[in-house]
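Chain by chain, the residues:
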Amino acid sequence: MTYQELLVENVDQKKRITSLEEQLAGVYKLINGFKSESFVTQAVIDQLSLFGEDTPETAEETPQEIITYTRDKKKHQGRNALPEHLPVREVIIEPEEDTTGLKKIGEEISETLEYTPASLVKRRTIRPKYAKAQGEGVLIADLPSRPIDKAIVESCLLAHILVSKYIDHLPFYRQIRMFKRDFGWEPAQSTMSDWMNSCCKLLEPLYNTLKQKILDSNYIQADESPIKVLDSDKKGSTHQGYQWVYHDPVQKLVFFNYRKGRGQNGPKELLADYHGYLQCDGYTVYDKIGADPNITLAGCLVHARRKFHDALDSDKKRAQIALELFRKMYLEERAIKEETPNNFSKRKALRNQKIKPLLEQIKMWIEDEQFNVLPQSPIGKAMTYYINQYPKLEAIFEDGRIELDNNLIENAIRPMAIGRKNYLFCGSHHAAQNAAMLYSFFGSCKMQNINPREWLANTLERIPDHSILKLQELLPGYQESLNM
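In what follows, the accompanying structure is described. Every value quoted in this text rests on a predicted model; they were computed, and no experiment measured them. (Residues numbered from 1 in each chain as written. Predicted model: local features only at pLDDT ≥ 70, side-chain atom pairs only at ≥ 80, totals over all residues. Heavy atoms only, no water.)

Here we come to the overall build of the protein. Along the backbone of the protein there are 17 helices and seven strands. Here the protein, with 484 residues, has 37% of them falling under the buried criterion. Here the contacts in the protein between residues at least 6 apart in sequence split such that 65% fall between residues at least 24 apart. Of the roughly 31,900 Å² of accessible surface on the protein, 52% is carried by carbon and sulfur atoms. (Helix = DSSP H or I, 4+ residues; strand = E, 2+ residues; numbered from the N terminus. Buried < 20%, exposed > 50% of the residue type's maximum accessible area, 1.4 Å probe, protein only. Contact = heavy atoms within 4.5 Å. Areas by Shrake-Rupley, 256 points an atom, 1.4 Å probe, with all protein chains shown as cover.)

So, in structure tokens, the structure goes:
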């Protein structure tokens, strides 16, 4: 081997070592947990360093002096006021001394909070029976419709059980222990599972209505998240399934759809008749779906930004240049949204004027710098990702309704991510689809600041007798949307 060949091999080995070190650093991040993705500009860092400890060199070179000053003491704002809607139990404490003949001149009032535990109440429905005249039969009132015929649970208890599982992340076995501890009632876990299945069967038409309402929109966001499912074919093992999530930011509705895999078949089938914008990350499946001429893909600035944040440790100088431009974009977006709360055409014009030039500036900077970095380095990968996603990022500025990123849909997925840490897996593919249904309704409630327990109890109460042609009226936020 010639000397020149040895030099080339040495350079290749150094590149490989650098690449492996960067991969190892990424693994450590996964093990130890990701740090915050917040970014502080160098100017702010320099300013903050004034209050930090100086290095030995700085301490020797910089003269020291003591500065004293005075400032007005800020008045403490006190505790937050207790909510006005809470019920009040008044307790009057009279002095121990005799107050006969004394004149009351006022009173001191202090408010504290008590806690009354939840309670189970036996609802006893009594229907008097009357004998009709001349032996014509018996008169008795009809039983009102109930979510589950012949079951002992009312809609309010069903809502509590399902919200506890899918929002408060309490598996059925934990709820059973709590019922036994607090009320001496111990339902079987299989019974609770049957109740959930019955509720989901009752809610399925409403779930399909929710899906259609989102697909009728011409702007939705999409993302996917893994969920483990017990595999009946392989004893003791789990299957890696996926919840595909679709979010309508304008109507504030969320739709979860369970699929056994992460391939394109699931979303392609669901979006077969969809027309409009689909906002997503750089996963290749979305590119295949975007080949449909009726679908326009919009990108996500957060995913593009995240790549540069991951490159801070290996190429801080270049990464900071990109992150500073992203920071300016989001500052502009915040001001624009405050100025145009519901005026999407004006928002579009302001974005094209103030934000899009920053997007283009990053692209031009990358085109100048990308040949000065290793393609497989974190900064090289960040630059490549940005250039590949650039046509999608430009699409954001075609419509004022489109968000700069997919953060809203990631927020909708977060409760499921917390929940799977508690119940670990779904018992079957059918159970995973039931979970998708409930996450859809609860996610929509969260987006609209609706109490999910109250919504579900009311919906389970009404849906047995509700017209199937008017199911849209039962969706979260329907009445509020009429008032807008």
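Before going further, it helps to examine empty space enclosed by the protein. What the rule picks out here adds up to two cavities of 30 Å³ or more. Space inside the second largest cavity adds up to approximately 30 Å³. Considering the residues around the second largest cavity, the lining is formed by C280, D281, G282, G299, C300, A304, Y385, Q389 and L393. Considering each element in turn, the lining of the second largest cavity owes the most residues, three residues, to helix α13 (residues 378-395). Along the lines of polarity and charge, the residues of the lining of the second largest cavity split into five nonpolar, three polar and one charged. (1 Å grid on protein atoms, 1.4 Å probe; cavity = no way out; pocket = protein on both sides within 12 Å on 5 of 7 lines; lining within 4 Å. Points joined across faces, edges and corners; volume = space filled by probe spheres on them. Nonpolar A, V, L, I, M, F, W, Y, C, P; charged D, E, K, R; others polar.)

The buried fraction of strand β5 (residues 253-259) amounts to six of the seven residues, a majority that puts the element mostly inside the structure. Looking at chain direction, strand β4 (residues 238-248) and β5 are connected through seven bridges and run antiparallel. Paired with Q243 across the two strands is Y258, which belongs to β5. From the end of β4 to the start of β5, which pair antiparallel, there are four residues, and K252 there has a positive phi angle of about 60°. (Pairing = 2+ DSSP bridges.)

Here we come to the packing of helix α6 (residues 189-215) against helix α16 (residues 452-462). At a minimum axis separation of 11 Å, α6 and α16 run at an interaxial angle of 90°. The angle between the axes of α6 and α16 places the two elements in the roughly perpendicular class. Packed against α6, whose contacting residues are C199, L202, L203 and L206, the element α16 presents W455, L456, T459 and L460 at the interface. Tallied by class, residues from the contact of α6 with α16 come to seven nonpolar, one polar and no charged. (Axes fitted to C-alpha atoms, helices over the stretch in contact; angles between N-to-C directions. Parallel < 35°, antiparallel > 145°, perpendicular 65-115°, else oblique.)

Glancing now at α6. Three or four residues apart is the spacing at which side chains of an α-helix point the same way, because the helix has 3.6 residues per turn. Taking 1.5 Å per residue as the helical rise, α6 with its 27 residues ought to reach 39 Å, and the 36 Å between its terminal C-alpha atoms agrees with that figure. Its maximal kink placed at L203, α6 deviates by approximately 45°, while the proline P205 follows within four residues. Along α6, the residues classified as buried are M192, W195, M196, C199, C200, L203, L206, Y207, L210, I214 and L215. (Expected span 1.5 Å × (residues − 1). Bend = angle between axes of the 7 residues up to and from the residue.)

Right, let's get into the pattern of salt bridges. Across all of its chains, the model carries 18 salt bridges by this definition. Two residues, R401 and D399, come together in a salt bridge whose shortest N-O distance is 3.0 Å. The two residues R401 and D399 agree in class, both being buried. (Salt bridge = Lys/Arg side-chain N within 4 Å of Asp/Glu carboxyl O.)

Turning next to the layout of surface pockets. A volume near 1,400 Å³ is recorded for the largest pocket. Taken together, 29 residues make up the lining of the largest pocket; nearest its centre are R89, E90, V91, I109 and S110. Considered class by class, the residues forming the lining of the largest pocket number 14 nonpolar, five polar and ten charged. For the second largest pocket, the calculated volume is near 1,000 Å³. Around the second largest pocket, the lining is made up of 30 residues, and of these S119, L120, V121, L157 and F179 lie nearest the centre. Elements with a contribution of two residues or more to the lining of the second largest pocket: α4 (155-166), α5 (172-183) and α16. Considering each element in turn, the lining of the second largest pocket owes the most residues, five residues, to α5. Within the lining of the second largest pocket, the residues separate by chemical class into 17 nonpolar, six polar and seven charged.

Describing two packed helices takes the angle between their axes plus the distance from one axis to the other. Between helix α9 (residues 301-310) and α13, the least distance of the axes is 8 Å, while the angle of their chain directions is 170°. In this view, α9 runs roughly antiparallel relative to α13, as classed from their interaxial angle. The hand of the α9/α13 crossing is left-handed. Taking contact as the criterion, the partners of L301, H303, A304, K307, F308 and D310 in α9 are, on α13, P378, I379, A382, M383, Y385, Y386 and L393. Class assignment of the residues belonging to the contact of α9 with α13 gives a composition of ten nonpolar, one polar and two charged. (Left-handed = near helix turned anticlockwise from the far one by under 90°.)

Right, let's get into the sheet that holds strand β6 (residues 276-279). Overall, mixed pairing links the five strands, which are arranged β5-β4-β3-β6-β7 in an open sheet. Only two strands of the sheet have a single partner each, and these edge strands are β5 and β7 (295-298). With strand direction ignored, the average angle separating the axes of adjacent strands in the sheet is 30°. Sheet topology places strand β3 (residues 219-230) next to β6; three bridges connect them, and they run parallel. By the bridge assignment, I220 is partnered in β6 with L278. Set on the sheet, helix α15 (residues 429-447) makes contact with β3, β4 and β5; between it and β5 the angle comes to about 170°.

So, about α4. With twelve residues, α4 extends 16 Å between its outermost C-alpha atoms, agreeing within 8% with the 16 Å of an ideal straight helix rising 1.5 Å per residue. Of all twelve residues that make up α4, ten are buried, and the element is covered over most of its length. When we look at burial in α4, the residues that qualify are S155, L157, L158, A159, I161, L162, V163, S164, K165 and Y166.

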